[in-house]
Amino acid sequence: PREHMQELWESYRFYLDKFYDNHAINNELKEKDRQKNLETKIELIKKVTQLHEEKSIKKAHILLNKYHEEFKNAGPVPGKDVAEDIWKRFKEASDKVLSEKRAQLETIKAKRNENLELKKVLCEKVEHINQLPLSSPKAWKEKADEITAIFNEWKTIGPVPESVNDQIWKRFREAQNIFNHNRRHFFDHLNSGKEKNLELKTALCEEAEKLSESTQFDATAKMLISLQEKWKSIGPVPDSKNDIIWSRFRAACDKFFKRKDE
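Counting from 1, residues in each chain are numbered in the order their sequence is written. Given that the model is predicted, a residue must reach a pLDDT of at least 70 before its local features are reported, and side-chain atom pairs must reach 80 or more before they are shown or counted; all residues, however, enter totals for whole chains, interfaces and linings. Note that water and hydrogens are dropped before the side-chain values are worked out from all heavy atoms of the structure.

Think of a salt bridge as a Lys or Arg side-chain nitrogen and an Asp or Glu carboxyl oxygen that are within 4 Å of each other. On inspection of all chains with the given rule, the structure shows 15 salt bridges. Between Lys 91 and Asp 95 there is a salt bridge, with the nearest N and O atoms lying 3.0 Å from each other. Placement of both Lys 91 and Asp 95 in helix H3 (residues 80-130) is noted, with a separation of four residues, approximately one turn of the helix. Each residue gets one of three labels from its accessible area relative to the maximum for its type: buried under 20%, exposed over 50%, partly exposed in between, using a 1.4 Å probe on protein chains only. Exposure remark for Lys 91: the relative accessible area of 39% places this residue in the partly exposed category. Under the relative-accessibility criterion, Asp 95 is labelled partly exposed at 36%. Secondary structure counts use DSSP, requiring at least four H or I residues in a row for a helix and at least two E residues in a row for a strand, with both numbered from the N terminus.

Below is the structure:
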């Protein structure tokens with residue numbers, strides 16, 4: 001009906017204009033979003049480039065994966081050409097970081113293998129010491145000092161490959177433990193021998209003290225000289241008793257020979 005035409009037309013035009021207004025706003029917002037996405041991706045390229053300064057290879061890989069995820073979720077950028085260019089720049093930056101970190105990783109692997117060889121040599125040194133026939137306290141002390149120096153050298157060598165770290169350390173510790181066990185056994189045996197030597201020297205003191213009162217000077221002198229030779233053939237006594245037992249024996253001998261001289 002004619003009386004409704006104008007009103008209906010105006011209503012139609014109103015909604016049509018409103019649609020195109022919204023459509024224009026939407027396009028404008030979409031363009032702004034794409035521009036913002038572009039800025040985000042440019043910033044991600046900068047972050048990837050900065051990973052060259054990151055010394056931790058593990059951390060660099062974690063961050064690189066994170067930036068890739070953020071790049072993927074950042075949304076489209078204005079224009080197909082721009083999208084291809086920005087992806088190319090991001091990928092090139094990522095590839096450079098990966099290549100550099102891969103080279104660093106190879107260097108680290110090579111260094112760790114070198115460290116492994118150095119530690120094997122130290123193990124062999126201690127194992128060789130364990131084969132030596134050490135027969136004196138001085139020799140044992142010298143070798144103990146040598147092993148301490150070897151261990152200090154061990155601590156200055158960097159890490160070895162993780163797959164053999166426990167194995168090489170176990171080998172070194174076992175060699176150390178064998179040396180320490182043998183050393184303790186030597187000194188335990190030595191100390192037990194010293195107690196026996198003390199008993200033998202005490203017996204010589206008692207003999208010398210009996211002979212010190214003798215008037216058979218020539219025969220007794222020969223007997224005391226024989227006791228002195230026996231004394232020399234007996235090994236050491238505990239350090240705390242060494243001066244005491246020697247003074248006792250010497251006093252008995254001196255007493256007799258003084259009487260003999262008089």
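Past the structure itself, the notes keep going.
Here we take up the confidence of the model for the protein. Confidence of the prediction at every residue is given by pLDDT, a number between 0 and 100. When pLDDT is averaged across the protein, the result is 90; 100% of the residues are at 70 or more. Averaged pLDDT values over the elements of the protein bottom out at 87 in helix H1 (residues 2-50) and peak at 94 in helix H4 (residues 137-156).

What follows covers the nonpolar core. In terms of nonpolar packing, the biggest core is built from 19 residues, with Leu 122, Val 126, Ile 150, Trp 154, Ile 168, Phe 172 and Phe 179 touching the most fellow members. Of all the elements, H4 adds the most residues to this core, at six residues. Only buried residues count toward a nonpolar core, which is a set of Ala, Val, Leu, Ile, Met, Phe, Trp, Tyr and Cys residues joined through side-chain atoms within 4.5 Å.

Now for the packing of H1 against H3. Note on geometry: axes are C-alpha line fits, over the in-contact stretch for helices, and angles between N-to-C directions span 0 to 180 degrees. Between H1 and H3, the shortest axis-to-axis distance is 9 Å and the interhelical angle comes to 15 degrees. As judged from the angle between their axes, H1 and H3 are roughly parallel. Crossing hand, H1 versus H3: left-handed. Contacts between H1 and H3 involve Leu 38, Lys 41, Ile 42, Leu 44, Ile 45, Val 48 and Thr 49 on the former and, on the latter, Val 82, Ile 86, Arg 89, Phe 90, Ala 93, Ser 94 and Val 97. The labels follow the angle: roughly parallel below 35 degrees, roughly antiparallel above 145, roughly perpendicular from 65 to 115, and oblique for the rest. Each crossing gets its handedness from the near helix: less than a right angle anticlockwise from the far helix is left-handed, clockwise is right-handed. Contacts are assigned to residue pairs that have any heavy atoms within 4.5 Å of one another.

On the surface, a cluster of negative charge is contributed by Asp 81, Glu 84, Asp 85 and Glu 92. Relative to the helices and strands, Glu 84 resides in helix H3. Of the residues examined, Glu 84 reaches a relative accessible area of 47% and is grouped as partly exposed. Here the term patch refers to residues with relative accessible area over 30% and no salt bridge, with like charges joined within 9 Å and nonpolar side chains (Val, Leu, Ile, Met, Phe, Trp, Tyr) within 5 Å. Residue-level accessible areas treat just the shown protein chains as cover; the underlying method is Shrake-Rupley with a 1.4 Å probe. By the counting rule applied here, Lys and Arg register as positive and Asp and Glu as negative, while His and the ends of each chain are not counted. Charged side chains are reduced to one point each, which is NZ for Lys, CZ for Arg, CG for Asp and CD for Glu.

The next point concerns the environment of Pro 137. When you line up the elements, Pro 137 lands in helix H4. Spatially, the C-alpha atoms of Pro 137 and Thr 148 are 16 Å apart, while their sequence positions differ by 11 residues. Setting aside residues up to four positions removed in sequence, Pro 137 forms contacts with Phe 186, Phe 187 and Leu 190.

Position of Asn 130 among the secondary structure elements: in helix H3. The definition of a polar contact used here is a pair of N or O atoms within 3.5 Å, where within protein one atom must be able to donate a hydrogen and the other to accept one, and adjacent residues in sequence count solely through side-chain atom pairs. For Asn 130, the side chain forms a polar contact with the main-chain oxygen of Ala 175, separated by 3.0 Å.

On to the packing of aromatic side chains, then. Each aromatic pair joins two rings of Phe, Tyr and Trp (for Trp, the six-membered one) with centres within 6.5 Å, and gets the label stacked for planes under 30 degrees apart, edge-to-face for over 60, and tilted for any other angle. Per the stated rule, a full pass over the model turns up 19 aromatic pairs. Between Phe 71 and Trp 87, the aromatic rings sit 5.6 Å apart at their centres with planes inclined by 50 degrees, giving tilted as the arrangement. Separated by 16 residues along the polypeptide, Phe 71 in helix H2 (residues 57-73) and Trp 87 in helix H3 bring together distant segments of the chain. Considering the side-chain rings of Trp 169 and Phe 172, the 6.2 Å spacing of their centres and the 25 degrees angle between planes classify their relative orientation as stacked. Taken together, the residues Trp 169 and Phe 172, both in helix H5 (residues 162-211) and three residues apart, mark about one turn of the helix. A residue is classified by how much of its surface remains accessible, and Trp 169, at 35% relative accessible area, is partly exposed. Among the aromatic residues, those joined into a cluster by ring pairs are Trp 140, Phe 179, Phe 186 and Phe 187. Taking NZ or CZ as reference, Lys 41 lies 4.5 Å from the ring centre of Phe 71, over its face. Lysine and arginine charges are scored as sitting over a ring when NZ or CZ, respectively, is within 6 Å of the ring centre and within 35 degrees of the ring normal.

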